[in-house]
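# Structure at a glance
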Amino acid sequence: MGRATVLLAVFGLLLALTASLPNKDDWDIYSFHINATVTHRYAVTTITSRIANRMNESKETEFQIQIPKNAFISMFRLTMDGQVYDGIVKTKEQAQEQYIRAVSHGQSAGIVSSVGRTLEEFKTSVTVAAHKKVTFELKYEELLKRTHGKYELQIHARPMQPVRDFKADVYIREKASISFVDVKGGLSTKALANAITKTLADKQAWVHFYPTADQQKNCDSCGEEGMNGDLVIAYDVNRVNRFGDIKTSDGYFVHHFAPSSLPRIPKNVIFVIDQSGSMHGRKIKQTRTALLRILNDLAEDDFFGLISFDSQIIHWKRELVQATGPNLEGARQFVLNIHDRGSTNINAAVLEGARILNAHPRDGSASILILLTDGDPTSGVTNLDTIRSNVKQAVAGKFPLYCLGFGFDVNFEFLEKMSLQNSGAARRIYEDSDADLQLKGFYDEVATPLLTDVTMIYVGGTNLTQTNFSQYYNGSEIVVAGEIIDNNVENFTPQVVAISSKQKVTFSNTNDSVDPSVSDGRLQRVWAYLTVKQLLEKELLLSGPEKEKVNKEVLELSLKYSFVTPLTSMVVTKPEGEISEIHHKPKERKEPPLLPQSQSAKSIYSKSLRNSPSTQPVMMKTVRRKLLLYFNYPFSIISKTLLI
């Protein structure tokens, strides 16, 4: 492929900012079905859309779906005129080559893009002959995470027009009895109440959502283009023993561990709050509101500290203090006087928080360090690697660090790396009217430690997912998966060892804890899903040969189980002239604009050069930068690609 051809393709793609979309009045979506099956917390959702072209000429039709960010797409199928066209998961390098080859011929190309707090968008289109039909089918998989004492399955319904045959069916099957099932979300409204039915029968539950075409136009999240909203199915299970339950099948096991009848552990918590100039306005007000609510929830046997920072460190107290009435009142006054100013010295602030926690150890307590910031370090130590090294040395594995990134100006990858290095997690706080509730919601997840230094032991097990956890919180769950050596269940002995308050506790397997499951390959997929997720986190912290080794493992598993991950892509071959689309899974980052999908790359690029031929060198840099954004490719690879 010549360099000019590649440039035509790439420039055309990036300059088609106002791409024309198919006219939604030209087709009839006569059936739209969502089918989700949740087995032991692992959800497999299939969305099937059947569309007819009622016109007397060929028309382009579109399939646009939003899926949870934690999910992996595992199947896409297009059926037309009795022919089936399956999407194929390939390495990202292979997909990019096919991507550039497609757009160089003026063909369409798309991505899976991030569209909000919890969703990603999958979009594709195809030309349908007059009076013909097409069926789109997409499947994705996810392990439901337990937070606040419940699992939640999110289903986004946006068929793009009212559909006569719209059905959403959810089936839940668990080993333990299901304690409750709730349906909430933007589509769970009074106007649609009679369209929702739910049934709970011991270890099984069903939820059906069958709105009429009229209801799809008249609800709060509806309009002439139909529904555009979420259904969230929340549930939990009854736990008969503290050890949890283990399912085994085909030489694999999955262990769900979530004991609740344990005494809470008093905590030591330090809040490190960014008050730099970029926090001005609503962000600093919402932060103050959230902190005041959090202070109200501290128990009297908790100890806490507050640090605000810009270029300087502002202490409320230079040591941990008990959450007594007078101390809490003093802390509230400190919070009310946090005002935005100055630059951002993250290094000094986090190190000071770690110093205070290390200086006041308490037996039988759990320590937590929480950082909230909305930007990059701009004063003091600003080198990100140096900051991470300093923080890791100061924390020394003694407590978790949680990093909350406010908005999209923050370097989220830096926060993610720093938290993962210190047994914590990073969370983005979205700039919205409910940001204070997001902050409080995160705190609630870690507010009640029940165990520390949790070690999951599996004698007779191998290829295990993560088995060591610094803390276990009420309302959450620890999940471990692995293989059973030689599929010998009799020699497989699981055990959990942890610290509860001041004493070591051991949770041992009981006769009814291990449950042989139906041989359907699902447990193996749960293991693969968890392994890929955790390897992707591990990969963030590595470099050189170690990083390459982990990436190779992720790639092999992704290809074997047909997961669309940040290292793979779904290649969709469509019937009209073998046109291909490439669908990538985005990483958590600043949201890019959606790529255009249906405009001739060559014509747009030619027109742009006629108007301004001198801009080519500058545009070359822009192309590289945007390819880095869209494909997550290193700069050297992008440069090499553009010089083919």
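The structure contained in this document is the topic of the report that follows.

On to the overall build of the chain. Helix and strand counts for the chain stand at 14 helices and 36 strands. When burial is assessed residue by residue, the chain has 54% of its 644 residues classed as buried. Summarising the internal contacts of the chain: among those between residues at least 6 apart in sequence, 76% fall at separations of at least 24. With an accessible surface of roughly 27000 Å², the chain has 48% of that area assigned to carbon and sulfur atoms.

Attention shifts here to the nonpolar core. For soluble globular proteins, the rule of thumb is that nonpolar side chains tend to be buried together. If you look at the biggest cluster of nonpolar residues, it comprises 56 residues, and the most contacted ones within it are Phe76, Leu153, Phe166, Phe209, Ile233 and Tyr235. If sequence neighbours within four positions are ignored, Phe166 has contacts with Phe32, Ile34, Ala157, Pro159, Phe209, Tyr210, Pro211, Gln216 and Met227. Among the nonpolar cores identified, the runner-up in size contains 34 residues, and Leu295, Val321, Leu328 and Tyr443 belong to it.

Let us look at the sheet that holds strand S32 (residues 493–500). Across the sheet, which stays open at both edges, the four strands sit in the order S30-S28-S32-S33 with antiparallel pairing between neighbours. Strand pairing shows two members of the sheet lacking a second neighbour, strand S30 (468–473) and strand S33 (503–508), which therefore form its edges. On average, adjacent strands in this sheet sit at an angle of 30° to one another, irrespective of strand direction. Pairing between strand S28 (residues 449–459) and S32: six bridges, direction antiparallel.

This paragraph deals with the packing of aromatic side chains. Within this structure, the stated rule accounts for 24 aromatic pairs. When the ring of Phe32 is compared with that of Phe166, the centres are 5.7 Å apart and the planes differ by 5°; the resulting orientation is stacked. Pair noted here: Phe32 is in strand S1 (residues 27–39) and Phe166 is in strand S12 (residues 165–173), with a separation of 134 residues, a long-range link. Since its relative accessible area comes to 3%, Phe166 is described here as buried. Pairing Tyr561 with Phe563 gives two aromatic rings, centres 6.1 Å apart and planes at 25°, and the pair type is stacked. Members of the aromatic cluster, connected to one another through ring pairs, are Tyr42, Phe72, Tyr529, Tyr561 and Phe563. Directly above the ring of Tyr30 sits Lys133, whose terminal nitrogen or CZ lies 4.9 Å from the centroid.

With that settled, consider the environment of Lys59. Mapped onto the elements, Lys59 comes out in strand S3 (residues 59–68). On a C-alpha basis, the gap between Lys59 and His131 in space is 9.7 Å, while along the polypeptide they are 72 residues apart. Every residue in contact with Lys59, bar those within four places of it in the chain, is listed here: Asp26, Asn53, Val126, Thr127 and Val128. Only 3.3 Å separates the side chain of Lys59 from the side chain of Glu57, close enough to count as a polar contact.

A separate point is the side chain of Asn345. With respect to the secondary-structure elements, Asn345 resides in the loop between helix H5 (325–336) and helix H6 (346–359). Reaching out from Asn345, the side chain makes a polar contact with the backbone nitrogen of Ala348 at a distance of 3.1 Å. For Asn345, the residues in contact, after removing those within four places along its chain, are Phe309, Asp310, Ser311, Ser379, Gly380 and Val381.

Our next topic: helix H8 (residues 412–420). By the burial criterion, the buried members of H8 are Phe412, Phe414, Leu415, Lys417, Met418 and Ser419. Looking at the buried positions of H8, the neighbouring elements they touch are H6, strand S25 (366–373), helix H7 (384–395), strand S26 (401–406), strand S27 (426–429) and helix H10 (522–540).

Quick look at the sheet that holds strand S13 (residues 178–184) now. Ordered in space as S10-S11-S18-S13, the four strands form an open sheet in which the pairing is antiparallel. Edge positions in the open sheet fall to strand S10 (146–147) and S13, since each of these has one partner strand only. Across seven bridges, strand S11 (residues 150–157) lies against strand S18 (residues 229–237) in antiparallel orientation. Bridge assignment links Ala157 to a residue of S18, and that residue is Gly229.

Here we take up the pattern of salt bridges. Close approach of charged atoms allows side chains with opposite charge to pair. Summed over the entire model, instances satisfying the criterion amount to 33 salt bridges. Residue Glu152 pairs with Lys184 through a salt bridge whose shortest N-O separation is 2.6 Å. Taken together, the residues span a long stretch of sequence, with Glu152 in strand S11 and Lys184 in strand S13 at a distance of 32 residues. Measuring nitrogen to oxygen at the nearest pair gives 2.9 Å for the salt bridge that ties Arg264 to Asp302. Of the two residues, Arg264 sits in the loop between strand S20 (252–257) and strand S21 (267–274) while Asp302 sits in the loop between helix H4 (282–297) and strand S22 (303–309), which places them 38 residues apart along the sequence. For Asp302, a relative accessible area of 0% gives the class buried. Connected through salt bridges with shared partners, the residues Arg41, Arg146, Glu174, Asp236, Arg239, Asp245, Lys247 and Glu477 form a single ionic network.

About the thresholds
- Going along each chain's sequence as written, the residues are numbered from 1 onward.
- Reporting in this predicted model follows two pLDDT cut-offs: at least 70 for local features of residues, and 80 or more for side-chain atom pairs to be given and counted; totals over whole chains, interfaces and linings ignore these cut-offs and use all residues.
- Here the side-chain values reflect all heavy atoms present in the structure, with hydrogen atoms and water set aside.
- Numbering of helices and strands runs from the N terminus, with a helix taken as a DSSP run of H or I at least four residues long and a strand as a DSSP run of E at least two residues long.
- Think of it in three bands: residues with accessible area under 20% of the maximum for their type are buried, residues over 50% are exposed, and the middle band is partly exposed, with areas taken using a 1.4 Å probe on protein chains only.
- Should any heavy atoms of two residues lie within 4.5 Å, those residues are considered in contact.
- Using a 1.4 Å probe, the Shrake-Rupley method yields the accessible areas, and only the shown protein chains count as cover for residues.
- Only buried residues count toward a nonpolar core, which is a set of Ala, Val, Leu, Ile, Met, Phe, Trp, Tyr and Cys residues joined through side-chain atoms within 4.5 Å.
- At least two DSSP bridges between two strands are needed for those strands to be called paired.
- As a rule, the C-alpha atoms of each element are fitted with a line to give its axis, helices using only the stretch in contact, and angles between N-to-C directions run from 0 to 180 degrees.
- Two rings belonging to Phe, Tyr or Trp (six-membered ring only in the last case) form a pair when the distance between their centres is within 6.5 Å. Interplanar angles under 30 degrees mark stacking, angles over 60 mark edge-to-face geometry, and anything in between is tilted.
- Placement of a charge over a ring requires the Lys NZ or Arg CZ to be within 6 Å of the ring centre, with the centre-to-atom vector within 35 degrees of the ring normal.
- Residues adjacent in sequence count toward polar contacts only when both atoms are side-chain atoms; beyond that, a polar contact is any pair of N or O atoms within 3.5 Å, and within protein one must be able to donate a hydrogen and the other to accept it.
- Definition used for salt bridges: Asp or Glu carboxyl oxygen within 4 Å of a side-chain nitrogen of Lys or Arg.

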